[in-house]
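# Topology and contacts: notes
So the chains spell out like this:
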Amino acid sequence: MENMLAQLPDLKRVSSISNYGESIVNLTFAEKTNMSTRLFEIQSILRRLYPQLPARSSFPQIVPYGNGEKPLLTYLVAGRDHFAVREARVKNDLYKLCSAIEGVSRVTVEGSRQPQLMVSVDQMRWTQYRLNPDRITAALKDAIKEKCAGEVQTESGYKYLLWVRNSTSINDIENIVLSTEGTQLVHLKDIATVTLSQSDIDSYYRINGKDALQVSVYSHREVNTILLSRTVRKAVDEYAARKRSSCSVILQNDASEPLSAELSLNYRRLSIATGIFLGFLFLFSGGARNAIILILSLSVTFCITLLLTFLMHIPIEIGSIIGFSVSFGLTSDNSLVMIDHYSRNRNRKIIGALFVSTLTTLTALLFFNLRFQNQRPETGAFCSIISLTLIASFLVCYWFVPSIHHFFKGVSTIPVAITNRRAHIRRLRVRLLYAYWLNRLAGKRKWLATGVIILIGLPLDLMPSTWPNHPWYNATFGSGFYQEEIRPVANTILGGAFGFFLRNSSTPLNTPAAGDKVLNIHCSLAPNAQKGSINEVLHQLEKELDTLTIIQKYMLVIKNHQEGRITIHIKPRYINTILPYNLKNRLISRSLYKSGVTWTITGFGRRYTTAVQHPLPHFRIIMTGYNYTALKSFEQTLADTLLKNSRISNIKVDYDRSNPYSNNTNFELAVDAASAGYYGIDQRRLIDESGFVAGQHAGIGDASINGDLVPVYVRDIRSDSFSRFRLLNDRLRTGPTQFIKLSAVSELKPIKVSAAIKKEDRQYSCILQLDYVGNSVMGSKFINRKLDNLRNRMPIGFSATLLTDTYSSRNGGSGRYAILLVYVFIFYILCGILFESLKQPFYVLCMIPIAYTGILLSPMLTDHHFGDGGFAAFLMVGSLAVSTSIFIINDLNTAGAKHYNKNIVAVMLKRSRVIFFTTASACCSFVPFLLEGDRSTFWFEFAVSTIAGLITLLLGIFILLPVFLWKNQQ
């Protein structure tokens with residue numbers, strides 16, 4: 001399949017995973033590939049390939065990656081009447097009600113137990129009558145099969161064959177004649193027991209301990225899920241009110257609730273951001289006239305943005321609303337800068353700096369979208385809205401702001417004179433004091449720069465432990481004395497904020513509580529647990545929950561024989577009391593005495609689990625090759641070689657963290673071909689007979705029992721007491737008069753289930769995991785020496801590479817932080833073009849690491865985890881730092897070279913109000929994300945880190961930037 005699919009055009013990557021009973025092939029295509037055409041080609045290839053697949057293989061299914069369908073609404077239906085009656089009512093009423101609603105694609109009912117007719121055959125009795133399973137099966141099939149009753153011709157001339165099925169009863173089945181040898185009639189009831197029972201199920205659904213059915217409602221892809229959810233819930237609520245006396249319908253899950261809650265939250269954020277912004281507007285805008293101009297310019301900006309959003313068909317969703325709330329602070333920067341400049345100078349000379357400032361922010365948004373578009377779908381709309389708002393803001397600043405100034409009369413070309421003598425003297429003192437301290441700091445510029453560098457931090461943590469082919473480095477920085485004695489102290493003292501960030505950024509984020517109204521209990525057993533074990537474990541817990549009065553309801557869901565969960569809803573009057581916490585502590589205490597079960601309890605506090613948290617492996621070796629047998633041989637050889645070192649421990653061949661069955665043990669029935677041939681045994685028949693004894697149900701068709709079609713199964717009457725001893729020692733029929741024990745021709749041996757077979761680009765791959773007791777540098781050197789020896793014996797096409805579990809390797813850190821270098825280089829080019837200088841852009845770029853210092857220290861100051869939101873803050877704060885610095889240096893260049901230092905002081909003080917206001921407005925646009933806490937981890941981290949970076953940016957703008965620009969000779 002891989003070889004044939006690899007011929008498809010635009011295919012970038014092929015990978016596969018082969019496990020017991022299934023195989024998955026993943027295809028990754030290039031961007032802008034016509035997937036409809038590729039889908040048609042894949043279907044054609046699979047149709048040609050299917051006849052060549054092994055017998056009993058299903059036809060391959062094509063599933064778009066990441067498009068797994070999930071139900072929109074899930075209900076549990078419980079009642080007082082019989083389970084079968086309730087099931088019929090659900091399928092006839094609720095199923096049809098939901099299916100008739102426009103927008104619903106399908107409705108499923110789970111947890112139902114289908115009736116089945118079980119024929120339990122006694123092997124000893126059929127042997128007595130000289131019968132065999134084939135004879136019994138043939139007689140049953142003949143009794144229940146459809147029979148052709150003749151031909152029917154319609155008025156239009158079409159002819160049809162009429163097939164009929166006789167309606168039978170259990171008594172008719174029992175009286176089926178199996179043999180008529182001699183004068184004795186042998187009926188089915190003489191050798192078997194016929195019972196009408198319910199089929200075994202692997203999934204259980206219960207409400208308050210009572211059996212329930214799960215009804216799942218699915219929606220079409222292009223439908224408004226929030227509106228559809230409201231429509232379906234209203235219809236189901238009306239149905240539940242009518243059937244209240246006979247059944248209860250409880251909503252288990254609504255997939256649209258998080259989306260609806262997030263939309264409401266974003267509308268709230270937008271309202272809060274608007275209110276805070278308007279408050280700052282009237283406090284710092286510098287008069288009613290400027291405030292009116294600013295409000296009008298922002299109104300026109302957002303009107304243009306809405307128009308462009310409509311024309312470009314950008315949906316109004318979560319990302320769009322977040323973009324509107326954040327864009328308040330960003331667009332006010334452009335408007336306020338232009339208003340301030342035009343009020344003072346009555347020209348548009350600042351438009352070049354404004355254009356470059358807008359380009360820097362658009363560049364940051366471009367990198368933002370490229371980095372997070374796969375992880376967070378809403379970032380596309382978020383970046384699109386902010387980009388359109390910035391473009392509209394630039395156009396408004398260029399045309400609208402000067403025009404609206406001319407609309408107001410009495411506009412002066414010079415600043416308003418200061419008539420208050422005390423205020424004039426106070427401003428003069430501030431100016432002289434500011435100039436004095438700038439001059440003092442400029443005299444100690446080298447010491448100041450050194451202190452700033454140490455505060456930011458030297459990248460000592462990034463220095464590798466060894467540097468191949470550089471003996472001088474390995475003898476100094478790579479030596480054991482430096483690594484063990486000097487490096488920890490040097491990293492702590494000289495690492496600064498950057499070192500703190502590297503040492504603490506990999507700290508795992510505590511999983512937030514599941515909620516403040518429910519307790520979630522998740523229970524899991526070993527993969528080889530028996531059927532029904534998980535149900536017994538949770539049923540015991542349900543009996544204890546029935547006695548508690550603080551519980552409003554609890555719902556149980558078991559989807560397979562390995563894991564299940566219980567959701568406990570607390571009564572509203574007890575939610576804010578200590579009782580839910582006492583219940584959680586009681587459940588935790590109970591879990592400690594239930595061995596063999598893994599419990600996870602969330603809600604009302606921190607997450608609790610009894611799962612063993614295995615540490616990450618110290619070293620991992622990935623091996624690839626084109627021959628699976630040879631690759632496994634090399635892997636085992638390497639493992640045996642490494643185990644000769646006493647420091648190597650916990651080595652695992654075929655390591656696979658994603659496969660829970662990698663360390664399981666199964667039993668293999670190994671048949672001796674020579675012994676089987678000696679006895680003349682057909683191995684295929686031997687396997688069938690063994691499966692029959694082991695309890696496999698042989699389905700032979702459907703019987704019409706009292707007008708209902710019921711599947712018929714045949715099994716051994718002792719299959720419920722099946723064991724390994726019975727399998728090996730019970731007599732199995734291998735011929736008309738021949739019986740044999742499996743122990744005579746076979747052996748039941750335990751075998752280890754190997755991990756899934758993985759391939760990357762049609763090359764097999766496997767991972768060897770090991771721990772090294774001792775210094776990691778020495779361990780790396782030892783393993784690399786062994787790998788070099790192994791590579792010399794490997795043929796072409798095989799490889800072995802050592803991987804280390806570092807933060808960057810797990811999170812792609814080295815790759816994503818390399819984006820910042822390209823990002824900074826683009827800023828340098830833009831500033832160089834604007835200033836027509838190669839020196840002044842360096843002063844601008846110096847503000848970026850100073851602003852980043854606040855981001856790096858924000859996890860320590862605010863006790864939050866640094867994740868993707870923090871990295872997004874790097875992109876945003878960097879562009880804001882460059883934008884602010886651009887306006888200062890642009891004003892300084894416009895002022896001229898005469899009285900250079902005085903011009904620095906004048907520009908800084910003149911820009912101080914605008915800088916403070918734009919920074920405050922940018923911070924205010926992120927305040928709504930802080931008010932909600934860490935409910936949305938990404939945006940909370942983004943807001944906290946951005947605000948921290950903007951605060952440290954103010955220190956850099958007002959102290960370090962003028963000091964760097966200061967000329968001591970004046």
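To start, this report covers the structure provided alongside it. In this text the structure is predicted, and so the values were computed from the model without any measurement.

### Concerning the overall build of the protein
Regarding its fold elements, the protein presents 32 helices and 29 strands. Looking at the 970 residues of the protein, the share that counts as buried comes to 44%. In the protein, of all internal contacts separated by at least 6 residues, the share reaching a separation of at least 24 is 74%. For the protein, the exposed surface amounts to about 52100 Å²; the carbon and sulfur share of it is 56%.

### Notes on helix H29 (residues 868-895)
End to end, H29 covers 42 Å across 28 residues, agreeing with the expected 40 Å (1.5 Å per residue, within 8%). Most of H29 sits out of view: 24 of its 28 residues are buried. Just downstream of H29 lies Gly896, where phi reads positive at about 100°.

### Notes on a nonpolar patch on the surface
A cluster of nonpolar side chains, namely Ile453, Ile454, Leu458, Val489, Ile493 and Leu494, defines an oily patch on the protein surface of about 480 Å² accessible area. Taken together, the elements giving at least two residues each to the nonpolar patch come down to helix H15 (445-456) and helix H17 (480-494). The element best represented in the nonpolar patch is H17, accounting for 3 residues. By the secondary structure assignment, Ile453 is in helix H15. Among the residues examined, Ile453 registers a relative accessible area of 46% and is labelled partly exposed.

### What about the nonpolar core?
Within the largest apolar cluster, 102 residues are counted, with the highest numbers of intra-cluster contacts made by Phe368, Phe382, Met847, Phe942 and Ile957. Non-local contacts of Phe942, meaning those with residues more than four positions away in its chain, are made with Phe368, Phe382, Gly869, Ala872, Ala873, Met876 and Phe926. In terms of nonpolar packing, the next biggest core, distinct from the first, is built from 30 residues, Tyr204, Leu538, Leu541 and Leu587 among them.

### Concerning empty space enclosed by the protein
One pass over the structure, following the stated rule, counts 3 cavities of 30 Å³ or more. Quantified by volume, the largest cavity comes out at close to 270 Å³. Considering each element in turn, the lining of the largest cavity owes the most residues, 6 residues, to helix H30 (residues 900-924). Looking at the lining of the largest cavity residue by residue, the class counts come to 11 nonpolar, 8 polar and 2 charged.

### Observations concerning the packing of helix H11 (residues 318-345) against H30
Where H11 meets H30, the closest approach of the two axes is 8 Å, and the angle between their N-to-C directions is 160°. As summarised for this structure, H11 and H30 are arranged roughly antiparallel, according to the angle between their axes. At the point where H11 passes H30, the crossing takes the right-handed sense. For the pair formed by H11 and H30, the contact residues are Gly329, Ser332, Asp333, Leu336, Val337, Asp340 and Arg344 on the first element and Lys910, Arg911, Val914, Phe917, Thr918, Ser921 and Ala922 on the second. Broken down by class, the residue content of the contact of H11 with H30 amounts to 5 nonpolar, 4 polar and 5 charged.

### Overview of the environment of Leu845
Tracing the backbone through its elements, the reader meets Leu845 in helix H28 (residues 840-862). Spatially, the C-alpha atom of Leu845 lies 9.3 Å from that of Phe825, the residues being 20 residues apart in sequence. In contact with Leu845, other than residues within four places in its own chain, are Val824, Phe827 and Tyr828.

### Some words on the packing of aromatic side chains
If you walk through the whole model with that rule in mind, you get 20 aromatic pairs. With a centroid separation of 5.4 Å and an interplanar angle of 40°, the aromatic rings of Phe368 and Phe382 are classed as tilted. In this pair, Phe368 is assigned in helix H12 (residues 351-372) and Phe382 in helix H13 (residues 379-407), connecting sequence segments 14 residues apart. Phe382 matches Phe368 in its accessibility class, with the two residues each being buried. An angle of 50° between the planes, with centres 5.7 Å apart, marks the rings of Phe368 and Phe942 as tilted.

### Description of the pattern of salt bridges
Per the counting criterion, the structure on display carries 12 salt bridges. Between Glu544 and Arg590 there is a salt bridge, with the nearest N and O atoms lying 2.9 Å from each other. A residue pair is termed long-range when its members are at least 10 positions apart, and Glu544 in helix H19 (residues 533-545) and Arg590 in helix H20 (residues 579-591) qualify at 46 residues. Note on Arg590: relative accessible area 11%, which makes it buried. With its nearest N and O atoms 2.6 Å apart, the salt bridge here joins Arg791 to Asp788.

### Let's talk about unusual backbone geometry
Of all residues except glycine, most have a negative phi; of all peptide bonds, most are trans. A positive phi angle, near 50°, is found at Asn208, a position not held by glycine. With respect to the secondary-structure elements, Asn208 resides in the loop between strand S11 (204-207) and strand S12 (210-219). You will see that Glu836, though not glycine, has its phi angle at about 55°, which is positive. Residue placement: Glu836 occurs in the loop between helix H27 (813-835) and H28. Residue class for Glu836 comes out exposed when judged on its relative accessible area of 74%.

Criteria and thresholds
- Residues numbered from 1 in each chain as written.
- Predicted model: local features only at pLDDT ≥ 70, side-chain atom pairs only at ≥ 80, totals over all residues.
- Heavy atoms only, no water.
- Helix = DSSP H or I, 4+ residues; strand = E, 2+ residues; numbered from the N terminus.
- Buried < 20%, exposed > 50% of the residue type's maximum accessible area, 1.4 Å probe, protein only.
- Contact = heavy atoms within 4.5 Å.
- Areas by Shrake-Rupley, 256 points an atom, 1.4 Å probe, with all protein chains shown as cover.
- Expected span 1.5 Å × (residues − 1).
- Patch = residues over 30% accessible without salt bridge, like charges linked within 9 Å, V, L, I, M, F, W, Y side chains within 5 Å.
- Salt bridge = Lys/Arg side-chain N within 4 Å of Asp/Glu carboxyl O.
- Core = buried A, V, L, I, M, F, W, Y, C linked by side-chain atoms within 4.5 Å.
- 1 Å grid on protein atoms, 1.4 Å probe; cavity = no way out; pocket = protein on both sides within 12 Å on 5 of 7 lines; lining within 4 Å.
- Points joined across faces, edges and corners; volume = space filled by probe spheres on them.
- Nonpolar A, V, L, I, M, F, W, Y, C, P; charged D, E, K, R; others polar.
- Axes fitted to C-alpha atoms, helices over the stretch in contact; angles between N-to-C directions.
- Parallel < 35°, antiparallel > 145°, perpendicular 65-115°, else oblique.
- Left-handed = near helix turned anticlockwise from the far one by under 90°.
- Phe/Tyr/Trp six-rings, centres within 6.5 Å; stacked < 30°, edge-to-face > 60°.

Keep in mind these values describe shape, not function.
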